[in-house]
Amino acid sequence: MDLNQVKKKKLRSTIMTVSLDWENLGFSYMKLPYRYLAYYRNGAWEKGELTEDATLHISESSPSLHYGQQAFEGLKAYRTKDGSIQLFRPDQNAKRLQRTADRLLMPQVPTDMFVDACKAVVKANEEYVPPYGTGATLYLRPLLIGVGDIIGVKPADEYIFTIFAMPVGNYFKGGLVPTNFLIQDEYDRAAPHGTGAAKVGGNYAASMLPGKIAHDRNFSDVIYLDPATHTKIEEVGSANFFGITANNEFVTPLSPSILPSITKYSLLYLAEHRLGMTPIEGDVFINDLDRFVEAGACGTAAVISPIGGVQHGDDFHVFYSETEVGPITRKLYDELTGIQFGDVEAPEGWIVKVD
């Protein structure tokens, strides 16, 4: 089903206004009318289409089920003040998915195909894009999986690329308010030289148990240390870490086992070019947290989540405040979300309009 067919079907059907509590949405699945589906067969991608079928039909022996040959992405569509809809840097999500595909010996999804598919899904489900001013967005989940009758440990011959969507609110309850995190020494998110820099499900499966331990202790999530030495901060749950120094530096960890966050690299650019800060990617040693006057987690789902304090063993370290957001963190948040919602001028190429 192409977009024109979707439009005709909508015109033939009874028009129904979507009624949701937009300002109190959580971060949870919602089955929307349309999603995108494309198959890779005989060494090439077939023409993708929109479908109303929310169930993937795959072989029980698909490598994605047994050996984790799968990858995913996450990005959002934003409603602007004039009612239009836009995507934030979708080409960067496409490129990250391509790097992940290379790591897992899967076929790349071309950038144009990826971006066009995102736009088609948003357009088909446009009544579910939350209104401007609610803080909610339409979250897109692109998924690439190896399928087919394969039982040995080897790459699949066939693949599915799909994108579905749902309206979401803040990933962390309460929005832009500081929360506390637990530094975890006993568990690693990814292995040294493993798939930490790839957006694959296995990394997230490994985080579920330590995440539960943190939640049971009333922390928002886990801060993972580098898997080789356990001396440096790497990731904050499923988000990236940043710290702000008294010397006006914006610091993020650099490691081959960190997922390269599009939000993080956007903040690095904005910190330098909009706030006049010094951007630094480097080691963030756990015994040197006093250098930071503010800290936070950043990612597509979380956007920015200020870190109030961190528990490491018997020590509890507070950054700016456990109750108030630091001034630089707020400026970065306002600048980034202003761009995403169309209120602040974006750097060239960052915004893609959904026509």
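Counting from 1, residues in each chain are numbered in the order their sequence is written. Where totals are concerned, whole chains, interfaces and linings use all residues; where local detail is concerned, this predicted model gives features only for residues with pLDDT of at least 70, and gives and counts side-chain atom pairs only at 80 or more. Excluded from the side-chain calculation are hydrogens and water; included are all heavy atoms of the structure.

The name recorded for the protein chain in an unreviewed UniProt entry is Branched-chain-amino-acid aminotransferase, from Streptococcus parasanguinis. UniProt positions are given in the numbering used here, feature names are shortened, and annotations may be inferred rather than shown by experiment. Taken from UniProt, the Sequence similarities (unreviewed entry) comment for the protein chain reads in full: "Belongs to the class-IV pyridoxal-phosphate-dependent aminotransferase family." As recorded by UniProt, the Cofactor (unreviewed entry) comment attached to the protein chain reads in full: "pyridoxal 5'-phosphate".

Some points on a negative patch on the surface
Together, Glu60, Asp149, Asp157 and Glu158 make up a negatively charged patch on the protein surface. Within the fold, aspartate 149 resides in the loop between strand S7 (137-147) and strand S8 (158-168). A patch is a set of surface residues, each over 30% in relative accessible area and not in a salt bridge, joined within 9 Å for like charges and within 5 Å for the nonpolar side chains Val, Leu, Ile, Met, Phe, Trp and Tyr. Accessibility throughout is a Shrake-Rupley quantity obtained with a 1.4 Å probe, and a residue counts as covered only by protein chains that appear here. Salt bridge, as used here: a side-chain nitrogen of Lys or Arg that lies within 4 Å of a carboxyl oxygen of Asp or Glu. Neither His nor the chain ends contribute to the count of charged residues, in which Lys and Arg are positive and Asp and Glu negative. For the purpose of locating charges, the reference atoms are NZ of Lys, CZ of Arg, CG of Asp and CD of Glu. Only DSSP runs of H or I with at least four residues qualify as helices, and only runs of E with at least two residues qualify as strands; both kinds are numbered from the N terminus onward.

Concerning the packing of helix H7 (residues 262-273) against helix H8 (residues 327-340)
For any two helices packed against each other, one specifies the inter-axial angle together with the distance between the axes. Interaxial angle, 0 to 180 degrees, is taken between N-to-C directions of lines fitted to C-alpha atoms, where a helix line uses only the stretch in contact. Relative to each other, H7 and H8 sit at 110°, their axes nearing to 10 Å. Taken together, the axes of H7 and H8 are roughly perpendicular relative to one another. Considering how the two elements wind past one another, H7 and H8 form a crossing that is right-handed. Only Leu332, Glu335, Leu336 and Ile339 of H8 make contact with H7, whose side of the interface consists of Thr263, Ser266, Leu267, Leu270 and Ala271. Note on residue classes: Ala, Val, Leu, Ile, Met, Phe, Trp, Tyr, Cys and Pro are nonpolar, Asp, Glu, Lys and Arg are charged, and everything else, Gly too, is polar. Across the contact of H7 with H8, the residue classes break down as 6 nonpolar, 2 polar and 1 charged. Relative orientations are named as follows: roughly parallel for angles under 35 degrees, roughly antiparallel for angles over 145 degrees, roughly perpendicular for angles from 65 to 115 degrees, and oblique for any other angle. Left-handed is the label given to a crossing in which the near helix is rotated counterclockwise from the far helix by less than a right angle, and right-handed is the label when the rotation is clockwise. We call two residues in contact when some of their heavy atoms are within 4.5 Å.

Thoughts on the UniProt feature "modified residue: N6-(pyridoxal phosphate)lysine" (unreviewed entry) in the protein chain
In the numbering used here, UniProt assigns the feature "modified residue: N6-(pyridoxal phosphate)lysine" (unreviewed entry) to Lys199. Within the secondary structure, lysine 199 sits in the loop between strand S9 (179-184) and helix H5 (201-205). A simple rule labels every residue: compare its accessible area, found with a 1.4 Å probe on the protein chains alone, to the largest value its type can have, and call it buried under 20%, exposed over 50%, or partly exposed in between. Assessed through its relative accessible area of 9%, lysine 199 is described here as buried.

Things to note about the packing of aromatic side chains
Note on aromatic pairs: the rings of Phe, Tyr and Trp (six-membered ring only in Trp) are paired at centre separations within 6.5 Å, and the planes decide the class, stacked below 30 degrees, edge-to-face beyond 60, tilted for the rest. The tally for this structure, following the rule as stated, stands at 13 aromatic pairs. With centroids separated by 6.0 Å and ring planes inclined at 70°, the aromatic side chains of phenylalanine 241 and phenylalanine 292 adopt a geometry described as edge-to-face. Of the two residues, phenylalanine 241 sits in strand S12 (residues 239-245) while phenylalanine 292 sits in strand S15 (residues 292-299), which places them 51 residues apart along the sequence. Overall, phenylalanine 241 belongs to the buried group, its relative accessible area being 0%.

Remarks on the pairing of strand S10 (residues 222-225)
Across the two faces of S10 the burial is the same, with Val222 and Tyr224 and Ile223 and Leu225 all buried. Two elements, S9 and S10, share 3 bridges in a ladder whose sense is parallel. Across the sheet, residue glutamine 184 finds its bridge partner in S10, namely tyrosine 224. We call two strands paired when DSSP finds no fewer than two bridges between them. Relative to strand S11 (residues 233-236), S10 runs antiparallel, the two being bridged by 3 bridges. Bridge pairing links isoleucine 223 to valine 236 in S11.

Considering the pairing of strand S5 (residues 75-79)
Judged by how many residues are buried, S5 sits mostly within the fold: 5 of 5 residues are covered. Both faces of S5 are covered, namely the face carrying Leu75, Ala77 and Arg79 and the face carrying Lys76 and Tyr78. Pairing geometry for S5 and S7, over 3 bridges, is antiparallel. Paired with leucine 75 across the bridge in S7 is leucine 140. With 3 bridges connecting them, S5 and strand S6 (residues 85-88) associate as antiparallel partners. Bridge pairing in S6 places tyrosine 78 opposite glutamine 86. Between S5 and S6, which pair antiparallel and follow one another directly, the connecting turn spans 5 residues, one of which, glycine 83, has a positive phi of 90°.

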